[in-house]
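Survey of secondary and tertiary structure
What follows is the residue order along each chain.
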Amino acid sequence: MLKRIIGLTGGIGTGKTTVSNYLADIYQLPILDADIYARDAVQPSSPVLNRIITRYGCEVQLADRTLNRKRLGEIVFPNPKERQWLEQQIHPYVRDRIKSQLNILESPTVVVVIPLLFEANMTDLVTEIWVVRCSEEQQIQRIRERDRLSLKQAQSRLNSQLPLAEKVARADMVLDNSYTRDSLLQQVDRALARNGNKQHT
């Protein structure tokens, strides 16, 4: 039987985690999270972290030898060339981890959360694409509250991604998170049922 692999994406702060948590909690679907694999890629003494330190110096490493994400973000988010270099170090590792997990999992439906699904050219890993959207104002407000960023920092992170409208245009299913959480989750229910998925009990 052909596996249903849902690629869940969207802009920063649109609500991907809300959707993935709901799919895991209510439908018991396995979730593969690219962000978790990206963090694994830069563990202390990993080849990727070593290359990052070689390029940017010890200021991107904390006293416990872990990555100083805040400092690295300050370097790469305003600089497309550096961001591209960083992604070229991390994305191959993330892709390999996702592919290996997809080969292992026996569930007929799997959710793969990839914030940079289009930017990292990973659309070939999934069978359908769900994009979570909201207004740009909502995105900025949410990421500023969540990550304690300045307006300039939040806008820089937003600008580092493919415009949300382009992601929406390439989606098989668009989930609008401009309103209430209940409204969003009702859309998730309908999207999952669309292909005859009846795992909800």
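The structure presented is a predicted model; accordingly, all values stated were derived computationally and were not measured.

Brief notes about the pattern of salt bridges
One pass over the full model with this rule turns up eleven salt bridges. With its nearest N and O atoms 3.2 Å apart, the salt bridge here joins R97 to D40. Within this pair, whereas R97 is found in helix α5 (residues 80–104), its partner D40 is found in helix α2 (residues 34–41), the two being separated by 57 residues in sequence. Where K70 meets E74, a salt bridge forms, and the shortest distance between an N and an O atom there is 3.0 Å. With K70 and E74 both in helix α4 (residues 69–76) and four residues apart, this pair spans about one turn of that helix. Classification of K70 by relative accessible area gives exposed; the value is 57%. Three or more residues joined by partner-sharing salt bridges are found here, namely E59, K70, R71 and E74.

Concerning the pairing of strand β1 (residues 4–10)
Among the seven residues of β1, seven are classified as buried, and the element is accordingly described as predominantly covered. Burial along β1 is two-sided: R4, I6, L8 and G10 and I5, G7 and T9, pointing in opposite directions, are all buried. With five bridges joining them, β1 and strand β3 (residues 109–113) adopt parallel strand pairing. The residue bridging R4 from the neighbouring strand is T109, located in β3. As paired elements, β1 and strand β4 (residues 128–133) share five bridges and run parallel to each other. Across the sheet, L8 pairs through a bridge with W130, a residue of β4.

Analysis parameters
Residues numbered from 1 in each chain as written. Predicted model: local features only at pLDDT ≥ 70, side-chain atom pairs only at ≥ 80, totals over all residues. Heavy atoms only, no water. Salt bridge = Lys/Arg side-chain N within 4 Å of Asp/Glu carboxyl O. Helix = DSSP H or I, 4+ residues; strand = E, 2+ residues; numbered from the N terminus. Buried < 20%, exposed > 50% of the residue type's maximum accessible area, 1.4 Å probe, protein only. Pairing = 2+ DSSP bridges.

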